[in-house]
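These are the residues of each chain, in order.
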Amino acid sequence: QVQLVESGGGLVQAGGSLRLSCAASGSIFSINAMGWFRQAPGKQRELVATITSGGDTNYADSVKGRFTISRDNAKNTVYLQMNSLKPEDTAVYYCNAHIVVVLGGRRILYWGQGTQVTVSS
């Protein structure tokens, strides 16, 4: 079994910073791409940023220049450094990871449980 556990959400004032972490654990053979998504109330879940196993990154236009995604492959962990936060960044943030599991060698997409980020004006 594989789990993704997120941490680091909270309440912050506009202009502030937060760092989210997402650690994968369990029967992991390897991890391919990892990413962060978010879902605001009444809206669809949207991509925030992704990172490949080789470190190539992709960002939503709305967060370019403010957010940075990174990963520590030795720790099976992906991070999202969020700077210059705006009230419109308020959402539940979810991480995901494309994981090749030990049993059977299948590649499966896993999601974390989500962490709330609230930015006050």
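Residues numbered from 1 in each chain as written. Predicted model: local features only at pLDDT ≥ 70, side-chain atom pairs only at ≥ 80, totals over all residues. Heavy atoms only, no water.

Caption draft 1: Quick look at the environment of Ser30. Relative to the helices and strands, Ser30 resides in strand 4 (residues 28-39). With residues near it in sequence (within four places) discarded, Ser30 still touches His98, Ile99 and Val100. (Helix = DSSP H or I, 4+ residues; strand = E, 2+ residues; numbered from the N terminus. Contact = heavy atoms within 4.5 Å.)

Caption draft 2: The pairing of strand 9 (residues 91-101), seen in detail. With 9 of 11 residues buried, strand 9 is to be regarded as a mostly interior element. As paired strands, strand 4 and strand 9 are joined by 9 bridges and run antiparallel to one another. Counterpart to Ile28 in the pairing with strand 9 is Val101. Pairing between strand 9 and strand 11 (residues 115-120): 3 bridges, direction antiparallel. Paired with Val92 across the bridge in strand 11 is Gln116. (Buried < 20%, exposed > 50% of the residue type's maximum accessible area, 1.4 Å probe, protein only. Pairing = 2+ DSSP bridges.)

Caption draft 3: The state of the cysteines, seen in detail. Throughout the structure, instances matching the rule amount to 1 disulfide. Residue Cys22 pairs covalently with Cys95 via a disulfide, S to S 1.9 Å. Measuring handedness by torsion sign, the sulfur bridge of Cys22 and Cys95 sits at about 50 degrees and is right-handed. Taken together, the residues Cys22 in strand 3 (residues 18-26) and Cys95 in strand 9 connect sequence positions 73 residues apart. (Disulfide = S-S within 2.5 Å.)

Caption draft 4: Inspection of the packing of aromatic side chains at higher detail. In this structure the tally under the stated criterion is 1 aromatic pair. Taken together, a centroid distance of 5.1 Å and an interplanar angle of 65 degrees make the contact between Phe37 and Trp111 edge-to-face. Of this pair, Phe37 sits in strand 4 while Trp111 is found in strand 10 (residues 107-111), placing the two residues 74 residues apart along the sequence. Take Trp111: its relative accessible area is 34%, and that puts it in the partly exposed class. When the ring centre of Tyr94 is taken as reference, the NZ or CZ atom of Arg45 above it lies at 3.7 Å. (Phe/Tyr/Trp six-rings, centres within 6.5 Å; stacked < 30°, edge-to-face > 60°. Lys NZ or Arg CZ within 6 Å of the ring centre and 35° of its normal.)

Caption draft 5: Representation of the nonpolar core in the model. In terms of nonpolar packing, the biggest core is built from 33 residues, with Trp36, Leu80, Met82, Tyr93 and Ile99 touching the most fellow members. Counting residues per element, the ones that place at least two in this core are strand 1 (2-7), strand 3, strand 4, strand 5 (46-51), strand 7 (67-72), strand 8 (77-82), strand 9 and strand 11. The element that contributes the greatest number of residues to this core is strand 9, accounting for 6 residues. The contact partners of Tyr93, leaving out residues within four places of it in the chain, are Glu6, Leu20, Trp36, Phe37, Arg38, Val48, Phe67, Leu80, Met82, Gly114, Thr115 and Val117. (Core = buried A, V, L, I, M, F, W, Y, C linked by side-chain atoms within 4.5 Å.)

Caption draft 6: Up close: the sheet that holds strand 7. Here 4 strands make up an open sheet; going across it, the order is 1-3-8-7 and the pairing antiparallel. The open sheet has two edge strands with one neighbour each: strand 1 and strand 7. For this sheet, the mean inter-axis angle between neighbouring strands, taken without regard to orientation, is 15 degrees. Direction of pairing for strand 1 relative to strand 3: antiparallel, over a ladder of 6 bridges. Counted as the bridge partner of Leu4 is Ala24 from strand 3. (Axes fitted to C-alpha atoms, helices over the stretch in contact; angles between N-to-C directions.)

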